Every structure is written in structure tokens, then in C-alpha cells.
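Architecture at a glance
Chain by chain, the residues:
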Amino acid sequence: MQHETRKHARLSASRTDRFMSCPGSVRLENQMPYEPAGEAAATGTAIHELSEQLLTNQLIPLDVNPEHLAMAKDYKKFIDTLVEHPRKRLIEVNVDAGLSTLHPALGGTADAVLVDGDHLHIVDLKTGRVLVDAIENRQLLTYALGAMRQFNAPGTITCTMHIFQPRAGHSKWTVTGERLIEHGVQLKAAAELALSPDAPTNASVDACRYCKAKTICPSIRAKVQDNARTDFKPDTQVTPEMLDLATLAATWSEAVQSAAKDQITKGSTITGWAMKAGRKMKFWKDEKLVAQALKHYATAWELKSPAAVIKLGLDLSEDLIGEKQSAPSLVKEKAKE
Ligand code: SF4
């Protein structure tokens, strides 16, 4: 299945956490223009596609990124060893049918579902470097609920939800079928509220982080203004609430800068500001092969960066080193004298 072109349900499981915390985010995000996927999302899509090809015994293209292939292989090994003799092993499971009978806008695709007797395993492959916790993870609860309903499984089952991250580790959480049913009640109510015309917005660090509507959202704006009014003295003790507000303000600022980059790239002028091309950077194509090639030069490997190792004059195959350009940045132009 083409992951990039997969049709997203209106309230897809990946948005569950946001619309349950901030029901109004659905309405506001729908008002924003389409944004093509960024580099991290494109990498995630590529690794998911490779993983699906490996797990379903399809041919792997010859020109794949070796780092992506290594991560897909790690994930395949995880799935292959999770349950010794699963009764069912399904890859890329669309759970729309299970969720849409709860509310027609709900849906999603779980990366893997394994059935071991009356134990359901739901797996989500994530490709970021920061470990995402499976505990109380509402995206996973939604996949699990969808699978449970789709398979007509009773409330007596047990379900373990896994997040597997090749670059960060493995987190899991086991719940009863009753807990999934309870999530369903909350999810249905949240979906109804999120799609109502006056769904309220509710800013928080977690909900706003990846929300596309930050630049037009009244709630985050109000929080940023609250933050600007904070009376900060040299001996002020920073509280968690103050830090939350500061983080939200930073998130809002990043969204404004990102909108500015987009506008300049499309030809608008913002007086005094310009885009500067990103720097060329070298990277290791396959760290395991580099570690092998440098096994007699421990100090060189400790330097880590290809540029630093090249400076030492070591003879390294060009096949080990790739080159890419970092993203362009927004810069303030120097005032004319
Ligand atoms: S920016 Fe935050 S408060 Fe505003 S809609 Fe998005 S998630 Fe909700």
C-alpha cells in the first residue's frame, strides 16, 4: 500500500490525542492550507513501506537508503519474534470498519496486529529518535479498540500495545478489553464534540506541538499573551505552569517563523528578512559498516562526524559517505550603512 497516498480518515487515530485534548483543533486545522510532508514524515513513510515489503515477502528495490533498510529489518525482527505461534499476524491493518461503527469519522491503520489466544498485540512503528511512551497512549488505544471491534473480540481479552522505535527502543502497555471499551465511550463523545460547530480549543504543550493551526488559534495566542504579562523578577522561582507557557510561546514563535519561510519561498517579501541556503553536510550512509571500516582506529570513530574523520587523512571508501544539504534558514538581513 502507498503510505503517502493512503486516505486519512477525518478523525484518524494519529490525531486522537489532539482532538481529545483540544476538540476545536479539527475545525481550525481544516482551515489551514495543505502542507506537504516534511523530511521526518517522508523518512517515516519510506521506512514503513520498506517494513511492509519485508514483512509480506515482497522484493526490496535495489536503491533503498541503507539506514532505512536497517531500521525496517530491526522492526521485522521485532514482529517475527513477538509471538511464537500467532493465531493471526496482520500487517498494515485498516481498522476503519471497527471504529466507524462507533462514529463514522473515526478510522486509522495499525502497523501490525498479532493474535495470541485471547491476547491481542497492537504494534506501532515510530521512526523518531525520542522514545514515545505506550502508557496511556490514546493513538494506540484507538487502534486496539478498532481491532477489537473489527474482530468481534469480547471484553475479556487482554491487549498489549507496543511502540517500537528502531532508533530509540521499545515501550509497551497491557490493558484489559474493558479498558478499551471504556476508551471507546470517551472517544465517541470526543469525536462528537470535535465535529460540532462550536468545539472549544484548549491549548497545552502536548496538543499544540504538532497542530497546524497555531498561527490562527485564539487559545494559543491568549496563552502567549498571558506569558508576556508574567512578572519576572531576579528572584522569581520558575513554576511548571510558567515553563508550560514559555514552551507554548516558543511553539507559537516557531509556527510564525515557519509561515514566514513558506511565504518568502513562494515569492512574498518580508522587509529585512531573507532565506539563506542550507549548508552541505556529509553523513555516514551505514554506521555499522563505518564502525567496521574504522575498527582499528578507535579514536577516529569516536570523532563520529565524517568531516572530522576525513581531516585525519584516513582512506575511506566514498560509498560510505553521503552528502545532503541542511534546510534553508530564515535570516535577518544586515541594515545598509
Ligand atoms: S494550536 Fe493548540 S489550542 Fe489551538 S487548535 Fe491547535 S491544539 Fe488546539
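Refer to the preceding data block for the structure.
Residues numbered from 1 in each chain as written. Predicted model: local features only at pLDDT ≥ 70, side-chain atom pairs only at ≥ 80, totals over all residues. Heavy atoms only, no water.

Comments concerning the overall build of the protein chain
When helices and strands are counted, the protein chain shows 13 helices and 11 strands. When the backbone C-alpha atoms are referred to their principal axes, the protein chain occupies close to 70 × 60 × 45 Å. Counting across all 337 residues of the protein chain, residues that qualify as buried make up 39%. Residue pairs at least 24 apart in sequence account for 67% of intrachain contacts in the protein chain once pairs closer than 6 positions are excluded. (Helix = DSSP H or I, 4+ residues; strand = E, 2+ residues; numbered from the N terminus. Buried < 20%, exposed > 50% of the residue type's maximum accessible area, 1.4 Å probe, protein only. Contact = heavy atoms within 4.5 Å.)

Topic: the nonpolar core
Of all hydrophobic cores here, the largest spans 35 residues; its most connected members are Phe19, Leu120, Ile122 and Met161. When contributions to this core are tallied by element, the ones reaching two or more residues are α1 (16-21), β4 (109-116), β5 (119-125), α6 (138-150), β6 (158-165), β7 (169-176) and α7 (177-194). Considering each element in turn, this core owes the most residues, seven residues, to α6. (Core = buried A, V, L, I, M, F, W, Y, C linked by side-chain atoms within 4.5 Å.)

Section: the site of the ligand
Looking at the ligand, there are 13 residues lining it, with Cys22, Ala203, Cys208, Cys211 and Cys217 nearest. Classifying every residue of the shell around the ligand gives seven nonpolar, four polar and two charged. (Near = heavy atom within 4 Å. Nonpolar A, V, L, I, M, F, W, Y, C, P; charged D, E, K, R; others polar.)

Here's the deal with the packing of helix α9 (residues 218-228) against helix α10 (residues 240-265)
Put simply, α9 and α10 touch, their axes get as near as 9 Å, and they point 120° apart. As the angle between them shows, α9 and α10 are arranged oblique. The element α9 and its partner α10 pack so that their crossing is left-handed. Contacts between α9 and α10 involve Ile220, Lys223, Val224 and Asn227 from the first element and Met242, Leu245, Ala246, Leu248, Ala249 and Trp252 from the second. (Axes fitted to C-alpha atoms, helices over the stretch in contact; angles between N-to-C directions. Parallel < 35°, antiparallel > 145°, perpendicular 65-115°, else oblique. Left-handed = near helix turned anticlockwise from the far one by under 90°.)

Concerning α10
Taking 1.5 Å of rise per residue, the 26 residues of α10 would be expected to cover 38 Å, and the 37 Å separating its terminal C-alpha atoms lies within 8% of that figure. If you follow the buried residues of α10, they end up packed against α8 (205-209), α9, β8 (273-276) and β11 (329-332). Immediately downstream of α10, the backbone of Gly267 shows phi near 110°, a positive value. (Expected span 1.5 Å × (residues − 1).)

Some words on the packing of aromatic side chains
Given two aromatic rings, one states the distance between the centres and the angle between the planes to describe the pair. Applying the stated criterion across every chain yields a total of two aromatic pairs. With 6.1 Å between their ring centres and 35° between their planes, Tyr75 and Phe164 make a pair best called tilted. In this pair, Tyr75 is assigned in helix α4 (residues 66-82) and Phe164 in strand β6, connecting sequence segments 89 residues apart. In this structure Tyr75 comes out as buried when scored by relative accessible area, which is 2%. For the ring pair Phe78 and Phe164, a centre distance of 4.5 Å and an interplane angle of 15° mean the geometry is stacked. Linking Phe78 in helix α4 with Phe164 in strand β6, this pair joins segments that are 86 residues apart in sequence. (Phe/Tyr/Trp six-rings, centres within 6.5 Å; stacked < 30°, edge-to-face > 60°.)

What about the sheet that holds strand β2 (residues 88-94)?
An order of β2-β4-β5-β6-β7 is seen for the five strands of this open sheet, with the pairing classed as mixed. This sheet does not close on itself; its edge strands, each paired only once, are β2 and β7. Averaged over all neighbouring strand pairs, the angle between strand axes comes to 20°, with direction disregarded. In this sheet, β5 lies alongside β4 in antiparallel orientation, the contact comprising five bridges. Considered in β5, the bridge of Ala112 is made with Val123. Across the sheet, helix α3 (residues 39-55) lies against β2, β4 and β5, angled at about 150° from β2, the strand it touches most. Where α6 meets the sheet, its contacts fall on β2, β4, β5, β6 and β7, and the angle it forms with β5 comes to roughly 135°. (Pairing = 2+ DSSP bridges.)

Description of the environment of Cys217
Within the secondary structure, Cys217 sits in the loop between α8 and α9. Taking the C-alpha atoms as reference points, Cys217 and Leu187, separated by 30 residues in sequence, lie 23 Å from one another.

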